[in-house]
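# Summary of the model geometry
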Amino acid sequence: MAEDSNLPTSENLNTKNGNFICGVVEGFYGRPWTTEQRKDLFQKMKKWGMDSYVYAPKDDYKHRAYWRELYTVEEAEHLTGLIQAAKDQNITFYYALSPGLDITYSSVKEITALKRKLEQVSQFGCTAFALLFDDIEPEMSEADKEVFQSFAQAQVSITNDIYQHLGQPKFLVCPTQYCSTRAVPNVTNSEYLNTLGSKLAQEIDIMWTGQKVISRILTKENIQEITDALRRPPVIWDNLHANDYDQKRVFLGPYSGRSPDLIPKLRGVLTNPNCEYGANFVAIHTLAQWSRCNVDGQRDLTLNDTVSADIKLETETEDGLGEDVPASLSPNMYHPRQALRNAINEWLPEFSKHKTAWGPIVKPQPAVAVIPVPIIPSINTCMTLTSTTTTTTTTGNSQPVVNQNQLQALAEVCSSVTVSDSMVNPVPGPVMNSLVSDTKVVCNDSIPNPIAPVPIPIPISDPETKSITVLSGTLIKPDKDKLKVVNGDKPEEKEVGKEETCMNTDTSTDLSNESSLSPSEPMDCNSTPNISPAHVAKPPEDVAMSETSTSSGSMQVETNDGVNQMVVEPETEGRKENDLTFEDLSLLCDLFYLPFEHGGQGLQLLQEFNWLKSNAHVVMAANQKKDTSKSEVQEWFSRAEKMNEMTQAVNRLFQHLSSCNNREILYDLYSYVWDIRGVISLLNSYVKWLAGGQFPASMPSYTQGTYTWFSKGWKETFMSGDQEPWVFRGGLTADLQRLIPVDSGNDLFVYKVPDVPTCRVFTVRPFLPTDEQMVYSVCTRTCKDGLEDPQPYPEDLKGLQADRIVGPYLTLHPEFCFVVEDDAGIVGFACAAPDYKKFRVKMELAWIPEMCDKYPLSLINKDLSKFAQESISYFHGFKDEIYVSSPTHPSIMICSILPSVLDQSVSKRLVTCLLAALRANGSFGVHVVMNASDSYTHAFYGKLGFVENTHEAIKGKIVMGRTF
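Residues numbered from 1 in each chain as written. Predicted model: local features only at pLDDT ≥ 70, side-chain atom pairs only at ≥ 80, totals over all residues. Heavy atoms only, no water.

## Topic: the overall build of the protein
The condition is simple: Secondary structure elements follow DSSP: runs of H or I of four or more residues count as helices, runs of E of two or more count as strands, with numbering from the N terminus. Think of it in three bands: with a 1.4 Å probe and only protein chains considered, a residue is buried below 20% of the maximum accessible area for its type, exposed above 50%, and partly exposed in between. Per-residue and other accessible areas follow the Shrake-Rupley method at a 1.4 Å probe size, with only the shown protein chains counted as cover for residues.
Along the protein, the regular secondary structure elements total 29 helices and 25 strands. Burial analysis of the protein (964 residues in total) assigns 63% to the buried set. A total of about 35,700 Å² of accessible surface is found on the protein, and carbon and sulfur atoms cover 52% of it.

## Considerations on the pairing of strand β2 (residues 52-55)
Here is the rule we go by: Here the term right-handed applies to a crossover when the path leading from its first strand over the helix to its second strand runs clockwise, the strands being oriented away from the viewer. Should DSSP find at least two bridges between two strands, the strands are taken to pair.
Across the two faces of β2 the burial is the same, with S52 and V54 and Y53 and Y55 all buried. Taken together, strand β1 (residues 21-26), helix α2 (residues 35-47) and β2 constitute a β-α-β crossover, and its handedness is right-handed. Pairing of β2 with strand β3 (residues 92-97), which is carried by 4 bridges, proceeds in the parallel orientation. Opposite Y55, over in β3, you have Y95 as the bridge partner.

## Overview of the side chain of Q737
Condition: For the purposes of these results, a polar contact is taken to be a pair of N or O atoms within 3.5 Å, where, inside protein, one atom must be able to donate a hydrogen and its partner to accept one; residues adjacent in sequence count only when each atom of the pair is a side-chain atom.
Summarising the element assignment, Q737 is placed in helix α21 (residues 731-737). With relative accessibility at 3%, the residue Q737 sits in the buried group. Among the polar contacts listed, one links the side chain of Q737 to the side chain of K248, at a separation of 3.1 Å.

## Description of the sheet that holds strand β8 (residues 268-271)
Definition in use: Between N-to-C directions, angles cover 0 to 180 degrees, with each direction set by a line fitted to C-alpha atoms, over the stretch in contact for helices. Contact definition: two residues touch when any of their heavy atoms are within 4.5 Å.
With parallel pairing, the 8 strands of this closed barrel are ordered in space as β1-β2-β3-β4-β5-β6-β7-β8. Strand-to-strand, the axes of this sheet are offset by a mean angle of 25°, without reference to chain direction. Of the strands in this sheet, β3 and β4 (128-132) are in contact with helix α4 (residues 108-123), which crosses β3 at around 160°.

## Topic: the packing of helix α6 (residues 151-165) against helix α7 (residues 191-199)
Which entries qualify depends on this criterion: Note on terminology: angles under 35 degrees are roughly parallel, angles over 145 are roughly antiparallel, angles of 65 to 115 are roughly perpendicular, and the others are oblique. Left-handed describes a crossing whose near helix is turned anticlockwise from the far helix through less than a right angle; right-handed describes the clockwise counterpart.
At a minimum axis distance of 8 Å, the contact between α6 and α7 shows a crossing angle of 30°. Considering their axes alone, α6 and α7 lie roughly parallel with respect to each other. Once α6 is placed against α7, the crossing between them reads as right-handed. In this structure, α6 uses F151, A152, Q153, Q155, V156 and N160 to contact α7, whose residues at the interface are Y192, T195, L196 and K199.

## Let's talk about the pairing of strand β5 (residues 170-174)
For β5, the buried fraction is high: 4 of the 5 residues fall into the buried class. Two strands pair when backbone bridges link them, and β4 and β5 are joined in this way by 5 bridges, in the parallel orientation. What sits directly across from L131, in β5, is V173. Inspection of the sheet shows β5 paired to strand β6 (residues 205-208) by 2 bridges, in the parallel sense. Along β6, the bridge assignment pairs L172 with D205. Considered for its hand, the β-α-β crossover made up of β5, α7 and β6 is right-handed.

## Here we look at the sheet that holds strand β24 (residues 947-948)
Strands sit in the order β19-β20-β21-β22-β23-β25-β24 across an open sheet of 7 strands; the sheet is mixed. Strand pairing shows two members of the sheet lacking a second neighbour, β19 (763-766) and β24, which therefore form its edges. One ladder, built from 7 bridges, connects strand β23 (residues 925-931) with strand β25 (residues 957-963); its direction is antiparallel. Counterpart to H927 in the pairing with β25 is G961. Against the sheet, helix α28 (residues 904-920) touches β19, β20 (817-822), β21 (825-833), β22 (891-897), β23 and β25, its axis set at about 155° to β22.

## Looking at the confidence of the model for the protein
Test applied: Per-residue confidence from the predictor is given as pLDDT, running between 0 and 100.
Mean pLDDT over the protein: 79, with 75% of residues reaching 70 or higher. In this model, residues 411-426 is a region of pLDDT below 50 whose contacts with residues beyond four sequence positions or in other chains number 60 contacts. The low-confidence segment residues 454-575 (pLDDT under 50) makes 438 contacts with residues lying over four places distant or belonging to another chain.

## Some points on unusual backbone geometry
A cis amide bond links V184 with the next residue in sequence, P185, at an omega value of -5°. Structurally, P185 is set in the loop between β5 and α7. Residue Q168 is not a glycine yet carries a positive backbone phi of 55°. Turning to its location among the elements, Q168 is positioned in the loop between α6 and β5.

## A short note on α4
The cut-off we apply is this: Residue count minus one, scaled by 1.5 Å, sets the expected span of a helix.
Given a rise of 1.5 Å per residue, 16 residues ought to cover 22 Å, and the 22 Å separating the end C-alpha atoms of α4 matches this to within 8%. Among all positions of α4, only E110, I111, A113, L114, K115, K117, L118, Q120 and V121 are buried. Buried residues in α4 make contact with α3 (73-88), β3, β4 and α6. The N-terminus of α4 is capped by S107, whose side-chain oxygen sits 3.3 Å from the backbone nitrogen of K109. Immediately downstream of α4, the backbone of G125 shows phi near 105°, a positive value.

## Section: the packing of aromatic side chains
Defined as follows: Any two of the Phe, Tyr and Trp rings considered here, Trp counted by its six-membered ring, make a pair once their centres fall within 6.5 Å; the pair's planes then place it as stacked at under 30 degrees, edge-to-face at over 60, or tilted in between.
Inspection of every chain in the model, using the stated rule, returns 40 aromatic pairs. With a centroid separation of 6.5 Å and an interplanar angle of 50°, the aromatic rings of F20 and W290 are classed as tilted. Taken together, the residues span a long stretch of sequence, with F20 in the loop between α1 (13-16) and β1 and W290 in helix α9 (residues 281-291) at a distance of 270 residues. Summarising the burial analysis for this pair, F20 and W290 share the class buried. Measuring from centroid to centroid gives 5.4 Å for F940 and Y941, while their planes differ by 80°, and the two rings are edge-to-face.

## Here's the deal with the nonpolar core
Nonpolar side chains in soluble globular proteins tend to be buried together. To keep things clear, this is the line we draw: The set of buried Ala, Val, Leu, Ile, Met, Phe, Trp, Tyr and Cys residues whose side-chain atoms join them within 4.5 Å is what this entry labels a nonpolar core.
By size, the foremost hydrophobic cluster in this structure holds 234 residues, and its most contacted members are F93, Y95, W347, M893 and Y941. It is helix α18 (residues 663-690) that contributes the most residues to this core, 17 residues altogether. Grouped together as the second largest cluster of nonpolar side chains are 23 residues, A128, Y178, V213 and F251 included.

What follows is the structure, encoded as structure tokens:
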């Protein structure tokens, strides 16, 4: 006991005497959870010793947009059932309302409406309430200014009134200034916070998110400061695991950055976690573990500066659980990594439970529009621009000034694709209702949504040369009274009118149909139209986009007969070997760790790939000397094998997850794992190409990447928590992506996630001589505008089209040839020549003469198709052919994929690998040539970001080019 003697016995009294509020606030933007999920949550919370749940889903329409409206009989039934279910598990159900968007505080009629609504809910058995005033314009109406001295007094007045009217129940309030960066001018001197502290009834608890909206750490100093201002300890509304601001990130890491020493100084902690209910097991489980502890198992986090944090992360052991975990932890000691282990062990059985899922996979995060703005040197990432003020938060000591390098980095991350018209008038998403079904969230288009998505500025370094992806509002417009279902039925077949024609396109020049960007941050996004949160929004390259979704990325149309159509997938045979393991989940959590921290295995992937890319010159030298015996060469190849093993582990995780029984969790996690698996696989493909040593000594200057995880100051800024995490969009997926040397290829990372989970894995790899027959076969089957020539060829002409299209590349430039394969074999290829002029010279010398002998003009006869006749003539007229010679697009390429491959990301990943190989050889532009009548091929390359080149006109041909 000696080591604990300095801890007073009262240290953890709050949890012992039931005073400490610990639980979950469903307070995010986007698709709410279902009734069934909430009931499941209450059971888990009881089991883990938690006691409070706050119902506050921003987009459940009678919580915020239509706060005055009473519940219908059907809704009342669901809400009453929820309140009772919480009671059954000894969970306090706090019913929260957000009236702040449009309430007139001085209006008797408004106060009566508020009382009537909360009285109705109290009749359902609710005994705890909350009023939330977050994310609203901090200005009073003219009518209110005549009655109240300040905004704070207006809020205090109605809150105290409601509190007394309801008989002084358990009561929570979320202030408008809910974190240090929003306190004006700062926490201690905020008139607003001090008014709340002195005037709000002492029994009412006040919520606080910490130093920032999403705080990397909570310090004793910050808690003391806010406690002094509020005259009471705060209830922490913790956004650590919130992901409603980024469609590529989900947070599966443990509760951390908060010492258990804080517990006696707090009134409670409520986590506002991931939008995906199934992704929150670790977040909630580890918070529950934390709340039971009173000893900090880590060194003092307040001293944990970025450098030591960096060292700590760099030295982690293989399973991502750091070596600093003490060998034996006493039960009252909290260590995040140990807590994660405990949580994974309990999470594992959840994946085996038989649960169904409905409809196509859709992202739950909501939609916002974005507007490009030039970067300004003193950008404050936590400011809210309004029509009247430039900033509503302090720019005092609490907000670090971002230096020019970091700004340039942000600009780089937010690099270019095109703007769509939709940014001017963003359309509100349909209204959502989670209280009319047990298993679905229903959307109703017949009710107008008064809360329009708000334009979010994106920083751009040079407004002249950069453009931004902006994603449009709702594209599907069903009949007036038709309901839509989220997490529900499959979309019904409907005629595609003019409005919807762009829904299945996927070109880099018009991304308006992609699912919209997520909101600016967890507690600040869909506000009233005259409010413009101005944070750095998601850059296009980091969006895992869903092409057929509507503005909120989460709606489908319900079928007329309302019959549930379940997506039936074949049962996986031999499930035992497909079962998820502890190692799988440990890897999963490491890949999607925390907002300011990548997990150990995630960092390892970053480091290995960067090392292999940076040291590839040793392979090139060894290749020239035909000697691989040197130790540094051996090390390179052994680390490349390590990279390959890690890639295989991610593939296994993906396949095990895809075949698990619990389709509900699978649907929540699938898009994230599918996306990162593709990126990691792509990095591994590039490493395999590097292993061939086919690049010049100058390669590093072409492949460094302007701003990556390894650029000076990047990871330090990411890990410091000085910036809100929406500044660093896309998480580990984006950080890995940025290491691929195609600086201007961000559109190539915009993929449509499969509608239904599939465990089919496509792998890109360099071409091998043994692949020639398969590549010829794929080429023959796709030679005529994506399909086979329907007319039969005699035996001696079977290879004609492949000899014309792909043969010269395989023979003269095999080092720039890639194939993509699945379990059954090769399904596509991409080939290039870095310098087309030189390539033609080589062809004339070493390919065309042989082909002219193989296919003499005498073979041309009336039985042959016109297409075959033209191909024979091509060889004989090669010398006189008019061809493209472009200084900006010196390389030429071809790419073909079998029509059976429906996953559009396959061609993008294949081409990305090829472009990265060209770039390593100093080429930054490539072109393709096709017949003017080839509409499929034209669209195929259009989707890969190729643009028609009208300057290089050749009669009967189309030339398209792209840079990278």
